[in-house]
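Reading the structure
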Amino acid sequence: MALIDLSHLAKPGARIAVRVTPKASRDRIIEENGNLRVYVTTAPENGKANAAVQRLLAKAMGIAKSRLKLLRGDTSRDKLFEVDP
């Protein structure tokens, strides 16, 4: 699985807005018109899709998933993550 390089977003305090599509055919991240779209194969139940998005974003950014914090959008497709120091 080839991921987009998002290492330029891995600055402490940076906020990353994403649009999530759960139950996709494969995990991937697409940048279109400056917006990030994250596709995960996980179903949106009990926070599993949120965890999958967090894991995928962290991998693409080259940081530990514990450094990404979900600020907004726990039950929404539009989410806002923040990079902790």
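Residues numbered from 1 in each chain as written. Predicted model: local features only at pLDDT ≥ 70, side-chain atom pairs only at ≥ 80, totals over all residues. Heavy atoms only, no water.

**Structural notes on the pattern of salt bridges**
With the rule as written, the count across this model stands at 4 salt bridges. With its nearest N and O atoms 2.9 Å apart, the salt bridge here joins Arg19 to Asp78. On the criterion of sequence distance, the pair formed by Arg19 in strand S1 (residues 15–21) and Asp78 in strand S5 (residues 78–83) is long-range, its members being 59 residues apart. Residue Asp78 is classed as partly exposed on the basis of its relative accessible area of 41%. The salt bridge partner of Lys69 is Glu82, with a shortest N-O separation of 3.9 Å. Within this pair, whereas Lys69 is found in strand S4 (residues 68–72), its partner Glu82 is found in strand S5, the two being separated by 13 residues in sequence. Of the residues examined, Glu82 reaches a relative accessible area of 14% and is grouped as buried. Here the salt bridges do not stand alone but share partners, grouping Arg15, Lys69 and Glu82 into one network. (Salt bridge = Lys/Arg side-chain N within 4 Å of Asp/Glu carboxyl O. Helix = DSSP H or I, 4+ residues; strand = E, 2+ residues; numbered from the N terminus. Buried < 20%, exposed > 50% of the residue type's maximum accessible area, 1.4 Å probe, protein only.)

**Thoughts on the pairing of S5**
Of all 6 residues that make up S5, 5 are buried, and the element is covered over most of its length. Inspection of the sheet shows S1 paired to S5 by 5 bridges, in the antiparallel sense. Residue Arg15 lies in a different strand from S5, and its bridge partner there is Glu82. Both S4 and S5 contribute to a ladder of 4 bridges, which runs antiparallel. Paired with Arg72 across the bridge in S5 is Leu80. Adjacent in sequence and paired antiparallel, S4 and S5 are bridged by 5 residues, among which Gly73 carries a positive phi angle near 105°. (Pairing = 2+ DSSP bridges.)

**A word on the sheet that holds strand S3 (residues 35–39)**
Overall, mixed pairing links the 5 strands, which are arranged S2-S3-S1-S5-S4 in an open sheet. Two strands close off the open sheet at either side, each with one partner strand: strand S2 (28–32) and S4. Between one strand axis and the next, the sheet turns by 35° as a mean value, whatever way the strands run. (Axes fitted to C-alpha atoms, helices over the stretch in contact; angles between N-to-C directions.)

**What about the environment of Asp84?**
Residue placement: Asp84 occurs in the segment after S5. Remark: the alpha-carbon pair of Asp84 and Gly13, spanning 71 residues in sequence, is separated by 5.9 Å. With residues up to four places along the chain from it excluded, the contact list for Asp84 reads Arg67 and Lys69. (Contact = heavy atoms within 4.5 Å.)

**Considering the packing of aromatic side chains**
Aromatic ring pairs are defined here through the distance separating the ring centres and the angle between the ring planes. Evaluated as defined, the whole model comprises 0 aromatic pairs. Over the aromatic face of Tyr39 sits the side chain of Arg28, whose NZ or CZ is 4.4 Å from the ring centroid. (Phe/Tyr/Trp six-rings, centres within 6.5 Å; stacked < 30°, edge-to-face > 60°. Lys NZ or Arg CZ within 6 Å of the ring centre and 35° of its normal.)

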